[in-house]
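Report on the structure
Each chain, written out:
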Amino acid sequence: MIQFERVHKTYQVGGREITALEPCNLYIPQGQIFGLIGHSGAGKSTLLRLINRLEAPSAGRILVDNEDVTAMDARALRQFRQRLGMIFQHFNLLSSKTVADNVAMPLKLAGSYSTTQISERVAMLLHRVGLSSHAQKYPAQLSGGQKQRVGIARALATNPRILLCDEATSALDPQTTAQVLQLLNELNRELNLTIVLITHEMDVIRRVCDQVAVMDAGHIVEQGQVSDLFLHPKHPTTRRFVYEAEHVDEQELSRDFAQVQGRIVRLTFKGEATYAPLLGQVARQSGVDYSILSGRIDHIRDTPYGQLTLSLVGGDADVAIEQLKAAQVTVEVIRA
Amino acid sequence: MMQFFSNVDWYDIWMATLDTLMMLGGSMLFTILLGLPLGIVLFLTGPKQMFEQKGVYALLSFCVNILRSLPFIILLIVMIPMTLLITGTSLGVAGAIPPLVAGATPFFARLVETALREVDRGIIEATQAMGASTRQIITNALLPEARPGIIAATTVTAITLVSYTAMAGVVGAGGLGDLAIRYGYQRFQTDVMIVTVVLLLILVQILQSLGDRLVVHYSRK
């Protein structure tokens, strides 16, 4: 697990002090995929680099597995970094080394593995990421997705418990992004690997993360379970990210609402409730007629969800709402 | 035809070629031995680099600039006392090598610095994130990644050294350039001039294509 205690980061630029990260507390539990989302300059990249101390905090403490990262001397820090994996937006593979040599690099640097151990481990890792046949190629001969998979194999070489992902899919096309995210998802489950990833795409958060923190101008503005933040965003920044990902236009929606009669409610279904034939049942029993104004049905990580905005006309709307609530549906009344 | 080459003493040419090659080989060796570490230090202490040291960088940079702005012919003469100290003689091939090294090292170091700056910062960061020490970052990431650039720098330096050796005749070092000046220019023996220039041209051509080939061989981008 990773813990930030009142961590704060400022830079000096031309004699002026610039705050990259306002004092923040953060707790990332073991075995989770934790997402940090924010626009560029929001401080998410700084926060990620504080974990393996590629950047040093100006104040505060960072604990990783109960070890104080901020107090480590150079030697301890190097050994600590060997137990942490990191992947990058632009892959950062060595162009002068083959795929196999790139993956072998952390093992060689650690100095505690024999040549046989290294070649066995490299073969195993390349097999796991599906690149066995590319071992002797150079990075320039690979596609973006393949390069990132080499990056992942390299990051996992020393068997780390934690993987840091710096915009790992931002340079990839949508299909390749999906494959890389799928791989991260599997590795998280197989190895109980804690993954911290930063991104500016809500879709990446929705697909793989358990928890998310939203950053804006050096602050963590909202934090919690992805399902809560994604379905019920509170902070304006979070809302913007969610609506961007879902192609929702708030102004357009309110114009639509003005044209319909009756009450407007937003229903959120999660898990099993998503598949239950609830709406028809409730409509029949309460005599309410409904029309669907907007809706989205998808998965958050592996949990199915549905979110529908309805207008309810006629019948007994209160009964309908009570019945929906009884069936574990979250009901928000937008217009009474 | 043979008459035209009547002034050419092929034995002299052969000895001069050997002198040139010895000066080139010897000075190149020491230039790399001194210039590579100097280039690395320049890079590491440079602005926004791993060991940014404004004072150290400014001092080294200043020394490099002084040596680079001195015309080589002046360096050759100014260096005489120091050359005596190092090699025991200020004459011949041995007397030419210290000034050649002094002239080429700052040049080579700058080129190495530039080649290292071309290495993607992300690669340094990735290597740091693996827990590499500074020495490991240099040997495992920086130098392999900058290898094509360093080879190109070596080629340019070697060719510059070829033209420097031509001036080494001033301290009696011999060599093809010396022959061209003393016979070809001063005694109007055009044939000697042509032979020496052609040989120098061939030498430069060989160095350049060898360097280019190595750069291609080690470039994986």
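Residues numbered from 1 in each chain as written. Chains lettered and ligands numbered in written order. Predicted model: local features only at pLDDT ≥ 70, side-chain atom pairs only at ≥ 80, totals over all residues. Heavy atoms only, no water.

With that out of the way, let us pick up the packing of aromatic side chains. The final tally for this structure, using the stated rule, is two aromatic pairs over all chains. Here Phe230 of chain A and Tyr305 of chain A contribute two aromatic rings whose centre-to-centre distance is 5.9 Å and whose plane-to-plane angle is 80°, an arrangement assigned as edge-to-face. Of this pair, Phe230 of chain A sits in helix α8 (residues 226-231) while Tyr305 of chain A sits in strand β13 (residues 303-313), and the two are 75 residues apart along the sequence. Each member of the pair, Phe230 of chain A as well as Tyr305 of chain A, carries the same accessibility label: buried. Consider the rings of Phe72 of chain B and Tyr164 of chain B, whose centres lie 4.3 Å apart with planes at 0°: the pair is stacked. Residue Phe72 of chain B is found in helix α3 (residues 72-78), and its partner Tyr164 of chain B is found in helix α7 (residues 134-165); the two are separated by 92 residues along the sequence. One cation-aromatic arrangement involves Arg296 of chain A over Phe230 of chain A; the distance from NZ or CZ to the ring centre is 4.9 Å. Here the guanidinium or amino end of Arg187 of chain B rests over the ring plane of Tyr183 of chain B, the centre of that ring lying 4.3 Å away. (Phe/Tyr/Trp six-rings, centres within 6.5 Å; stacked < 30°, edge-to-face > 60°. Helix = DSSP H or I, 4+ residues; strand = E, 2+ residues; numbered from the N terminus. Buried < 20%, exposed > 50% of the residue type's maximum accessible area, 1.4 Å probe, protein only. Lys NZ or Arg CZ within 6 Å of the ring centre and 35° of its normal.)

What follows deals with the sheet that holds strand β7 (residues 162-166) of chain A. All names here are of chain A. Read across the sheet, six strands follow the order β6-β7-β8-β3-β9-β10 without closing on themselves; strand pairing throughout is mixed. Edge positions in the sheet fall to β6 (84-88) and β10 (219-225), since each of these pairs with one other strand and no more. Between one strand and the next, the sheet's axes are offset by a mean angle of 15°, whatever the strand orientation. Pairing of strand β3 (residues 33-38) with strand β9 (residues 211-216), which is carried by five bridges, proceeds in the parallel orientation. Looking at β9, one finds that Leu36 is bridged to Ala213. (Pairing = 2+ DSSP bridges. Axes fitted to C-alpha atoms, helices over the stretch in contact; angles between N-to-C directions.)

What follows concerns the sheet that holds strand β5 (residues 67-68) of chain A. All names here are of chain A. Taken in spatial order, the four strands of this open sheet run β2-β1-β4-β5, and their pairing is antiparallel. The open sheet has two edge strands with one neighbour each: β2 (16-28) and β5. Across nine bridges, strand β1 (residues 2-13) lies against β2 in antiparallel orientation. Counted as the bridge partner of Tyr11 is Ile18 from β2.

As a further point, take the interface of chain B and chain A. Listed by partner, the interface residues are 19 residues for chain B and 21 residues for chain A. A combined buried area of about 1,900 Å² lies between chain B and chain A, and 58% of that area is made up of carbon and sulfur atoms. Inspection of the chain B/chain A interface yields one salt bridge. Here the side of chain B that touches chain A gets seven residues from one element, more than from any other, and that element is helix α6 (residues 121-129) of chain B. When the residues that make up the side of chain B that touches chain A are grouped by side-chain class, the tally is seven nonpolar, seven polar and five charged. (Contact = heavy atoms within 4.5 Å. Buried area = accessible area lost by both parts, 1.4 Å probe. Salt bridge = Lys/Arg side-chain N within 4 Å of Asp/Glu carboxyl O. Nonpolar A, V, L, I, M, F, W, Y, C, P; charged D, E, K, R; others polar.)

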